[in-house]
Amino acid sequence: MTGVEYTRQVNFEPPRSFGTVLNSRIKETFFPDDPFSQLKKEPLPRRTINTIQYFVPICEWLPKYHLGFFKYDLLAGITIASLAIPQGISYANLAQLPPIIGLYSSFVPPLVYAVFGSSKNLAVGTVAACSLLIAETIGEKVSPTENLQLYINLVYTATLISGLLQTVLGILRLGILVDFLSHSTITGFMGGTALIICLQQMKGMLGLKHFTHKTSVVAVIKSIFHNRREWRWECFVIGIIFLTFLQFTRYVKKKKPKLFWVSAIAPMVVVLTGCLFAYFAHAEKHGIATVGDLRKGINKLSINRLNFDSEYVSAPIKAGLITALIALAEGIAIGRSFAIVKNEQIDGNKEMIAFGMMNIVGSITSCYLTTGPFSKTAINFNAGCKTPMANVVQSMCMLLVLLFLAPLFSYTPQVALSAIIISAMLGLIEYEKAYHLFKTDKFDFVICMSAFLGVSFISMDMGLMISVGLALIRAMLYIARPATCKLGNIPDSNLYRDIEQYPVATATPGMLILQLGSPIYFANGTYIKERILRWVRDEHDVSKSSHNDIEYILLELGGVTSIDITGVESLFEVRRALEAQGIKMILVNPRLDVMEKLMVTKFVDKIGRNSIFLSIDDAIGACRFTLKSSKREVEETLSKTSKGTMSPFTTTIFVSKSTWYELTPRQEEEVVSAVVTAGDKHKRLSALPQLSFLIAASFFPFFLALPNAFKECVS
């Protein structure tokens, strides 16, 4: 191949400095949204204000707040507060905590989120999955029935650990870690958790006094039937009535979304009805258990109750780490889903800091883990909330309840709380999503079902780890076995596409064009090398019958975003293996990071700069004339001319027809010279044919230039 000057040249600038590359990588890893790009143009005072507004969002939306927003936020806040009371009591009961702690957890954390949160729609509260996970994990170390105070202390400690982890992840902008909890994993985990919770609520629905603390389906079902002598038909009838009413209100909301408030106030109606029934019917005399004592007053400080004793600290650490990630994944996903509806954006890393701060503050004010539950957020959104002020309104409503109304809820029947929880959990078992995964992606379905079955039949943490492990295995398979494909030319175009996807695409004689679609790392370097050589071997088998041997292999590297040293060594090995077979390697469109690594490792010097091109079209144009098959055709034609079996004019037309659109200027001169020389050797030419041949040869470069000129005009 000869060196050629192209108007479109590959950039061979010296590699960037290490500091420049490191700065670029850090920026793309931790600040992909580049939140401070606009601050560079601002004066220092304005830059300071914008920075404060970025980290403390209330400083941005509160100065713009007006009465028109407040009337919507007031309605939304009161609505979600009416749901927070029964949910707070129910989920605290699920976490084996005193009910008052559930009410505390809907008072302080919403205030903190209103200061640091970036979502206008998210409503803060406790969630069933994390409540059950806390009960399971800490209950393995300390029984809440035997030592309730120590159990509560460890719950506060787990909440603190969750908050610290969430805050650190947000400050370090490591939201990418939450992305490892895939949608399939969350769907299966929430479904399995919902199934367990529903079964565990049979304790309240049947009025059982003794029940297992284990969470597997088998253990729960065994416990239900083992204690069948304790079943109370009165509890079951009341529970079915409450559950039917709750499901009916959800059906009304589904059919008529404008009546969302019917479903929103239904749990409160159940609680109030249950309280009145328990008070006037003396429910406890009939075996119907109630919540018990609820004292008036706001949260007490619990900083002195944090327990880091080495004998027990492993349980809150385990619970804190797992619930932190689950709460982040659930809360951020819910916040983003509702923000998309309003065409808004929320910063996941700021949300992490907000969740972390409210759990840190909550852990020292007698609260346990909180995040953004779907049910409350959906009601908040449908109620027309405009800003996080709705969380402030919710908090003020809970303050009034704690100061004046808390004792009234001490008559709440446990069966009413069980019905509320079961109704909420039935919506989390998403059959349609699982079926959709089965129809669209079988591996995602396996990941989903592994979480569902693992949570249901083993334990919550094991089910989650199994599902995440399968998801990571799938991701590693994508890395270790990247996609490669053979490209062909789409007829009547200069486009080259996968021949498997586009069967009409035709291969280029003498060349094998391959596209690599992922970074080349130590994990896949060997596979890529073997795959390329297998492509070559398969192509040789096909070309034996057509006598069209492979002379060039073109590697399209536009999809290769980076390469490490092992990857470069793999390319060296591929080149040596190809050279042994008489095949030359050509690189097409290497990315900046890849080109710099190839230059530093001297691979560019080894392969030659004239073996690297901007496009497949350029590479083919430079390589085609040097193909042995093309040379053979031209030599045979020139031989016929010298023997007199073909006229030089015909030779000119043949050569121009087969090669004019592929030749460089220097190659054009060589062809014309070869044809003219052959004409001179043809001694039997008459004067007129020879004159016509010379005229054609003189116009030959002009005809060759026409297509290139046309291409330039079009581009």
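Everything discussed here concerns the structure shown above.
Report follows, based on the coordinates. (Residues numbered from 1 in each chain as written. Predicted model: local features only at pLDDT ≥ 70, side-chain atom pairs only at ≥ 80, totals over all residues. Heavy atoms only, no water.)

**So, the packing of helix H8 (residues 148-171) against helix H15 (residues 348-363)**
When two helices pack together, their arrangement is given by the angle between the helix axes and by the axis-to-axis distance.
Thought 1: Running from N to C, H8 and H15 point in directions that differ by 155 degrees, and their axes come no closer than 7 Å. On the basis of the axis angle, H8 is roughly antiparallel to H15. Crossing angle aside, the handedness with which H8 passes H15 is left-handed. Judged by residue contacts, Tyr156, Thr159, Leu160, Gly163, Leu164, Gln166, Thr167, Leu169, Gly170 and Ile171 of H8 engage Asn349, Met352, Ile353, Phe355, Gly356, Met357, Asn359, Ile360 and Ser363 from H15. (Axes fitted to C-alpha atoms, helices over the stretch in contact; angles between N-to-C directions. Helix = DSSP H or I, 4+ residues; strand = E, 2+ residues; numbered from the N terminus. Parallel < 35°, antiparallel > 145°, perpendicular 65-115°, else oblique. Left-handed = near helix turned anticlockwise from the far one by under 90°. Contact = heavy atoms within 4.5 Å.)

**Concerning the side chain of asparagine 153**
Thought 1: Mapped onto the elements of the fold, asparagine 153 is located in helix H8.
Thought 2: Of the polar contacts made by the side chain of asparagine 153, one reaches the side chain of arginine 305; its length is 2.7 Å.
Thought 3: Those residues in contact with asparagine 153 that lie beyond four places of it in its chain are Arg305 and Asn307. (Polar contact = N/O pair within 3.5 Å; in protein donor to acceptor, adjacent residues only side chain to side chain.)

**Let's talk about the sheet that holds strand S1 (residues 484-489)**
Thought 1: An order of S2-S1-S3-S4-S5-S6 is seen for the 6 strands of this open sheet, with the pairing classed as mixed. The open sheet has two free edges, formed respectively by strand S2 (496-498) and strand S6 (612-613), since each of these has just one partner strand.
Thought 2: Note: strand S3 (residues 511-516) against strand S4 (residues 552-556), 5 bridges, orientation parallel. Looking across to S4, one finds that isoleucine 513 is bridged to leucine 554.
Thought 3: Sheet strands in contact with helix H23 (residues 565-580) are S4 and strand S5 (584-588), and its direction is about 140 degrees off that of S5.
Thought 4: Contacting S1, S2, S3, S4, S5 and S6, helix H26 (residues 616-623) runs over the sheet at an angle of about 165 degrees to S4. (Pairing = 2+ DSSP bridges.)

**Some points on the environment of phenylalanine 409**
Thought 1: With respect to the helices and strands, phenylalanine 409 occurs in the loop between helix H17 (389-405) and helix H18 (414-426).
Thought 2: Residue classification places phenylalanine 409 among the buried positions, given a relative accessible area of 6%.
Thought 3: Note: C-alpha distance between phenylalanine 409 and threonine 290 (119 residues apart in sequence) is 9.3 Å.
Thought 4: Setting aside residues no more than four positions away along its own chain, phenylalanine 409 makes contact with Ile85, Ile89, Met268, Val271, Leu272, Cys275, Val291, Leu294 and Val401. (Buried < 20%, exposed > 50% of the residue type's maximum accessible area, 1.4 Å probe, protein only.)

**Here's the deal with the packing of aromatic side chains**
Thought 1: Inspection of the entire model under this criterion finds 11 aromatic pairs.
Thought 2: For the ring pair tyrosine 279 and tyrosine 411, a centre distance of 5.2 Å and an interplane angle of 85 degrees mean the geometry is edge-to-face. A residue pair is termed long-range when its members are at least 10 positions apart, and tyrosine 279 in helix H13 (residues 260-281) and tyrosine 411 in the loop between H17 and H18 qualify at 132 residues.
Thought 3: The partly exposed category is assigned to tyrosine 411, whose relative accessible area is 38%.
Thought 4: An aromatic cluster of three or more residues is present, and its members are Trp61, Tyr65 and Phe69.
Thought 5: Positioned above the aromatic ring of tyrosine 54, the side-chain terminus of lysine 350 is 4.4 Å from the ring centre.
Thought 6: Here lysine 386 stacks its cationic end above the ring of tyrosine 72, 4.9 Å away from the centre of that ring. (Phe/Tyr/Trp six-rings, centres within 6.5 Å; stacked < 30°, edge-to-face > 60°. Lys NZ or Arg CZ within 6 Å of the ring centre and 35° of its normal.)

**Looking at the pairing of S1**
Thought 1: With 6 of its 6 residues buried, S1 lies for the most part within the structure.
Thought 2: Taking every second residue as pointing to the same face, both faces of S1 are buried, with Thr484, Lys486 and Gly488 on one and Cys485, Leu487 and Asn489 on the other.
Thought 3: Sheet topology note: the S1/S2 ladder contains 3 bridges and is antiparallel. Opposite leucine 487, over in S2, you have aspartate 498 as the bridge partner.
Thought 4: Hairpin connection between S1 and S2: a loop of 6 residues separates the two successive antiparallel strands, and aspartate 492 in this loop has a positive phi of roughly 60 degrees.

**Quick notes on the pairing of S4**
Within a regular beta strand, the side chains point alternately toward one face of the sheet and then the other, so they alternate between its two faces.
Thought 1: Extensive coverage of S4 is indicated by the burial of 5 of its 5 residues.
Thought 2: Of the two faces of S4, both are covered, the one formed by Tyr552, Leu554 and Glu556 as well as the one formed by Ile553 and Leu555.
Thought 3: When S4 meets S5, the two strands line up parallel, connected through 5 bridges. Pairing of leucine 555 across the sheet is with leucine 587, part of S5.
Thought 4: For the segment spanning S4, H23 and S5, crossover handedness is right-handed. (Right-handed = clockwise from strand over helix to strand, strands pointing away.)

**Focus: the environment of lysine 258**
Thought 1: Tracing the sequence through the fold places lysine 258 in the loop between helix H12 (233-255) and H13.
Thought 2: For lysine 258, a relative accessible area of 75% corresponds to the exposed category.
Thought 3: Along the sequence, lysine 258 and asparagine 382 sit 124 residues apart, while their C-alpha atoms lie 8.1 Å from each other.

**Looking at unusual backbone geometry**
Thought 1: Phi is positive for glutamine 96, close to 60 degrees, though the residue is something other than glycine.
Thought 2: Examined against the element boundaries, glutamine 96 turns out to sit in the loop between helix H4 (67-94) and helix H5 (99-104).
Thought 3: In this model, serine 366 sits at a positive phi of 65 degrees, which is unusual for a non-glycine residue.
Thought 4: Note that serine 366 resides in the loop between H15 and helix H16 (374-382).

**Quick word on the nonpolar core**
Thought 1: The biggest cluster of nonpolar side chains holds 100 residues, and the ones touching the most others in it are Ile85, Leu97, Ile138, Phe189, Tyr368, Phe409 and Met425.
Thought 2: Contact partners of leucine 97, with chain neighbours within four places excluded, come to Ala92, Tyr151, Ile152, Val155 and Tyr368.
Thought 3: Val10, Tyr527, Ile583 and Leu587 belong to the second-largest nonpolar core, a separate cluster that totals 33 residues. (Core = buried A, V, L, I, M, F, W, Y, C linked by side-chain atoms within 4.5 Å.)

**Some details on H17**
Thought 1: Compared with the 24 Å implied by 1.5 Å per residue over 17 residues, the 23 Å span of H17 between its first and last C-alpha is a close match.
Thought 2: Structurally, H17 contributes buried residues whose contacts are with helix H3 (58-61), H4, H5, helix H6 (108-116) and H16. (Expected span 1.5 Å × (residues − 1).)

**What to know about the side chain of glutamine 394**
Thought 1: By secondary structure assignment, the location of glutamine 394 is in helix H17.
Thought 2: Taking relative accessible area as the criterion, glutamine 394 reaches 0% and is therefore assigned buried.
Thought 3: Every residue in contact with glutamine 394, bar those within four places of it in the chain, is listed here: Gly77, Ile80, Ala81, Ala84, Ser106, Pro110, Val124 and Lys376.

**A few points about the environment of glutamate 551**
Thought 1: In this fold, glutamate 551 is placed in the loop between helix H22 (525-546) and S4.
Thought 2: Residue glutamate 551 is classed as buried on the basis of its relative accessible area, which comes to 11%.

**Topic: the packing of H4 against H18**
Thought 1: Orientation of H4 relative to H18, taken along the N-to-C sense of each, is 95 degrees, at an axis distance of 9 Å. Overall, the two elements H4 and H18 adopt an arrangement that is roughly perpendicular. Contact residues: H4 offers Pro86, Ile89, Ser90, Tyr91 and Asn93, while H18 offers Gln414, Leu417, Ile420, Ile421, Ala424 and Met425.
Thought 2: Its residues placed into classes, the contact of H4 with H18 shows 8 nonpolar, 3 polar and no charged. (Nonpolar A, V, L, I, M, F, W, Y, C, P; charged D, E, K, R; others polar.)

**A word on the pattern of salt bridges**
Between side chains of opposite charge, a pair can form as their charged atoms come close.
Thought 1: Inspection of the entire model under this criterion finds 10 salt bridges.
Thought 2: Between aspartate 441 and arginine 474 there is a salt bridge, with the nearest N and O atoms lying 2.5 Å from each other. Of the two residues, aspartate 441 sits in the loop between helix H19 (431-440) and helix H20 (442-457) while arginine 474 sits in helix H21 (residues 460-480), which places them 33 residues apart along the sequence. (Salt bridge = Lys/Arg side-chain N within 4 Å of Asp/Glu carboxyl O.)

Taken by themselves, the reported measurements are silent on function.
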